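Spelled out from the first residue to the last, the chains are:
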2 protein chains.
Amino acid sequence: MDKIRIIEVKESIFEDNNREAARLRARLKNERTFLLNLMSSPGSGKTTTLMRTIEELKHEFRIGVMEADIDSSVDAEKIATTGVKSIQLHTGGMCHLDAGMTEQGLNELGMENLDLVILENVGNLVCPAEFDTGAVKNAMILSVPEGHDKPLKYPLIFTVCDVLIINKIDVLPYFDFDLEKVKEYALMRNPNLKIFPISAKTGEGISAWTDWLRNQVGDWINAD
Amino acid sequence: MDKIRIIEVKESIFEDNNREAARLRARLKNERTFLLNLMSSPGSGKTTTLMRTIEELKHEFRIGVMEADIDSSVDAEKIATTGVKSIQLHTGGMCHLDAGMTEQGLNELGMENLDLVILENVGNLVCPAEFDTGAVKNAMILSVPEGHDKPLKYPLIFTVCDVLIINKIDVLPYFDFDLEKVKEYALMRNPNLKIFPISAKTGEGISAWTDWLRNQVGDWINAD
């Protein structure tokens, strides 16, 4: 296995992150590269979900992955085993990525020959939600053991996401987690949210999620 | 049930948080009040652990609880059912509490007649670890479903904590979680860390944790 490339990304100097994010999205459009920003708490199964997603889509799209972490390259090493292009971004203690940091990562990854780039954001339900990374779509994972009350407690992230993946449904019998309630609470925050219950461990529900993503990427990279 | 008091805490104006934290600790010493700062990811079982802890200790100590949240008062309502004095702190979107915000909360709670105050910090493994709240001791909860690699990925919080509570050991059979490995990784970050595996749901292991806390509180409030 090749050594993982680790990039230290620096907080960007731009005053207006929203403007930078819009500029980056325009650049992505121009390059015909779809950027997905994937957010969640630590331990919700981001990396395993990502590996399943890559397996489903890697024969259709040229995929790249940016693993953002405070420190460590545990995840990037796992992703590298799927054979897609991946780099590790270190935020130097920062709890989020802004658009400038995301673009530094994309420049290092090289997006010219990639159809789909997935950014695995820092594990955190608060700060990453506050910064537009420039991604085309935002997805979040909430896992069953975390509890169905999370849309009440972390409203912003449910508001800014296009997709809510509910992971670890294979352990539903062992937790007091009400799937209908979490859907109701999440849709209260964001009526347009697409919700996909999955088990990244068993593969259940993955194809509904990857069908959605396939369509989104196709629309983006094939648009006139 | 009384209505929950909700306090909006503002980011403090102090330049030097460490100095403010040391000043607050000295004030706590003077008042003979022990402040425990409890941190974790969202959904690790902080509130349930706290309720078990209160049940074990409420006949020995006068206990108060401050529930910090971005928004919502779900947790404070649960805590109020235990009969201890509790307030909800809203951080207005901020991902952590500093010493000044903690002191605003303590002033509202009123610490004169309390032996033990527990601050349930915002659910997050990153930002809360960066700010000394002025607490006498810091504890964190990591739950089994989050995975045993967390000390590798979120090093700082393991470094600043005195105690690591490993919660949800009742679901160990359903997860690939290596209890020995997480202990090894966590002690690598902090050789002095006390580690208590528990199930807040079944009560297993709770008494070892509350024995430790009872001794700490006793030492603090009875010292000359």
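Here the structure is a predicted model, which means the values were calculated and not measured.

Criteria and cut-off values
Starting from 1, residues in each chain are numbered consecutively following that chain's sequence as written. A letter from A marks each chain and a number from 1 marks each ligand, given out in the order of writing. Local features in a predicted model are, by the rule used here, given only for residues with pLDDT of at least 70; side-chain atom pairs are given and counted only at 80 or more, and totals for whole chains, interfaces and linings are based on all residues. By definition, any uninterrupted DSSP run of H or I lasting at least four residues is a helix, any uninterrupted run of E lasting at least two residues is a strand, and each is numbered from the N terminus. To get the radius of gyration, use the C-alpha atoms; to get the globule rule, take the number of residues to the power 0.38 and multiply by 2.2 Å. Remark: residues whose backbone-derived C-beta atoms lie within 7 Å of one another are considered to be in contact. Lys, Arg, Asp and Glu make up the charged group, whereas Ala, Val, Leu, Ile, Met, Phe, Trp, Tyr, Cys and Pro make up the nonpolar group; the residues left over, Gly among them, are polar. Residue-level confidence of the predictor is summarised by pLDDT, bounded by 0 at the bottom and 100 at the top. When the copies are superposed, the least-squares fit draws on C-alpha atoms of residues that have pLDDT of at least 70 in both. Here, axes are lines fitted to C-alpha atoms. For helices the fit covers the stretch in contact, and angles between N-to-C directions go from 0 to 180 degrees. When the near helix sits turned anticlockwise from the far one by under a right angle, the crossing is termed left-handed; a clockwise turn instead gives a right-handed crossing. A set of buried residues drawn from Ala, Val, Leu, Ile, Met, Phe, Trp, Tyr and Cys, joined through C-beta atoms within 7 Å, is what defines a nonpolar core. Exposure classification rests on a simple neighbour count of other C-beta atoms within 10 Å of a residue's own: a residue reaching 20 or more is buried, one at 12 or fewer is exposed, and one in between is partly exposed. C-beta atoms are placed from the backbone. In this analysis, strands are considered paired if DSSP registers two or more bridges between them. Helix span, as expected, comes to 1.5 Å for every residue beyond the first. For this quantity, the arc is that covered by the directions from the helix axis to the C-beta atoms.

Visitor: Even after reading the chapter, I still don't get the overall build of chain A, so can you show me in this structure?
Guide: A tally of helices and strands in chain A yields 8 helices and 8 strands. For 224 residues, the compact-globule estimate of 2.2 N^0.38 gives 17 Å, and the C-alpha radius of gyration of chain A, at 16 Å, lies within 12% of that figure. Taking the principal axes of the C-alpha coordinates as reference, chain A spans close to 45 × 40 × 40 Å.

Visitor: Would you mind showing me how to read the interface of chain B and chain A here?
Guide: It is common to report an interface's size as the accessible area lost on association of the parts. Listed as interface residues are 28 residues of chain B and, on the opposing side, 28 residues of chain A. For the side of chain B that touches chain A, a count of residues per class yields 14 nonpolar, 7 polar and 7 charged.

Visitor: Would you mind going over the confidence of the model for chain A with me for this structure?
Guide: Do not read the fine detail of predicted coordinates wherever pLDDT is low. Scored by pLDDT, chain A has a mean of 91; 96% of the residues are at 70 or more. Scored by ipTM, the complex comes to 0.70, with pTM at 0.83.

Visitor: I'm lost on the relation of the copies chain B and chain A in this one. Help?
Guide: Relating one copy of the chain to the other takes a rotation about an axis and a shift parallel to that axis. When chain B is fitted to chain A, the best match, at an RMSD of 0.0 Å, comes from turning it 180° and sliding it 0.0 Å along the axis. Overall, the copies show the geometry of a two-fold rotation axis. When the interface residues of chain B are mapped onto chain A, 100% of them again lie at the interface, so the same face is used by both copies.

Visitor: I keep staring at the packing of helix α2 (residues 46-57) of chain A against helix α8 (residues 206-222) of chain A and nothing clicks. Help me out?
Guide: Relative placement of two packed helices is described by the angle separating their axes and the distance separating the axes. Residues and elements named next belong to chain A. Between α2 and α8, whose axes approach to 10 Å, the crossing angle comes to 65°. Of the two possible hands of crossing, α2 and α8 adopt the one that is right-handed. On α8, the residues touching Arg52, Thr53, Glu56 and Leu57 of α2 are Ile206, Ser207, Thr210, Leu213 and Arg214.

Visitor: Looking at this structure, I do not really get the nonpolar core. What am I missing?
Guide: Burial of nonpolar side chains together is a common tendency in soluble globular proteins. Counting residues in hydrophobic clusters, the biggest one holds 122 residues, and the most contacted among them are Leu36, Val117 and Leu119 of chain A together with Leu36, Val117 and Leu119 of chain B. Among residues more than four places away in sequence, those in contact with Val117 of chain A are Thr33, Leu35, Gly64, Met66, Leu106, Leu109 and Met111 of chain A.

Visitor: Would you explain the environment of Thr133 of chain A in this entry?
Guide: Residues and elements named next belong to chain A. Position of Thr133 relative to the elements: it lies in the loop between β5 (116-120) and β6 (137-143). Along the primary structure Thr133 and Glu55 are separated by 78 residues, whereas in three dimensions their C-alpha atoms are 25 Å apart. Among residues more than four places away in sequence, those in contact with Thr133 are Ala21, Asn37, Leu97, Asp98, Ala99, Thr102 and Leu119.

Visitor: When you look at the pairing of strand β2 (residues 34-40) of chain A in this model, what are you seeing that I'm missing?
Guide: Along any regular strand the residues' side chains alternate between the sheet's two faces. Residue and element names in this part refer to chain A. Extensive coverage of β2 is indicated by the burial of 7 of its 7 residues. Here β2 shows two buried faces, one formed by Phe34, Leu36, Leu38 and Ser40 and the other by Leu35, Asn37 and Met39. Across 5 bridges, the pairing between β2 and β5 is parallel. Residue pairing for β5: Asn37 is matched across the bridge by Leu119.

Visitor: Looking at this structure, I do not really get the sheet that holds β5 of chain A. What am I missing?
Guide: Hydrogen bonds along the backbone pair up the strands of a sheet, which may run parallel or antiparallel. All names here are of chain A. Pairing in this open sheet of 8 strands is parallel, and the strands run β1-β4-β3-β5-β2-β6-β7-β8 from one edge to the other. In the strand order of this sheet, the two ends are held by β1 (5-8) and β8 (194-197), each with one partner. Averaged over all pairs of adjacent strands, the angle between their axes in this sheet comes to 20°, without regard to strand direction.

Visitor: Hey, could you run me through the sheet that holds strand β6 (residues 137-143) of chain B in this one?
Guide: All names here are of chain B. Pairing is parallel across the open sheet formed by 8 strands, whose spatial order is β1-β4-β3-β5-β2-β6-β7-β8. Only two strands of the sheet have a single partner each, and these edge strands are β1 (5-8) and β8 (194-197). Neighbour to neighbour, the strand axes of the sheet diverge by 20° on average, direction disregarded. Bridge count for strand β3 (residues 63-69) against strand β4 (residues 85-90) is 6 bridges, and the pairing is parallel. Of the residues in β4, the one forming a bridge with Asp69 is His90. Its contacts with the sheet place helix α4 (residues 99-109) against β1, β3, β4 and β5 (116-120), and it is angled at close to 145° to β4.

Visitor: What is the right way to read α8 of chain A from this model?
Guide: Working note: α-helix, 3.6 residues per turn, so residues spaced by three or four point in the same direction. All names here are of chain A. In this model α8 runs 24 Å from its N-terminal to its C-terminal C-alpha over 17 residues, within 8% of the 24 Å that 1.5 Å per residue would give. Here α8 has its buried residues at Trp209, Leu213 and Val217. Seen along its axis, α8 keeps its buried residues to an arc of 60°; they face one direction. Exposed residues lying more than 90 degrees from the buried face of α8 are Asp211, Asn215, Asp219 and Asn222. At its buried positions, α8 is contacted by β2, α2, β5, β7 (163-167) and β8.

Visitor: Which parts of the structure should I look at to understand unusual backbone geometry?
Guide: Across residues other than glycine, the phi torsion is negative in most instances, and most of the peptide bonds are trans. All names here are of chain A. Phi is positive for Arg32, close to 55°, though the residue is something other than glycine. As for its position among the elements, Arg32 is in the loop between α1 (17-31) and β2. Given 15 C-beta atoms within 10 Å, Arg32 falls into the partly exposed group. Although it is not a glycine, Lys168 sits at a positive phi angle of roughly 70°. Note on placement: Lys168 falls in the loop between β7 and α7 (179-189).

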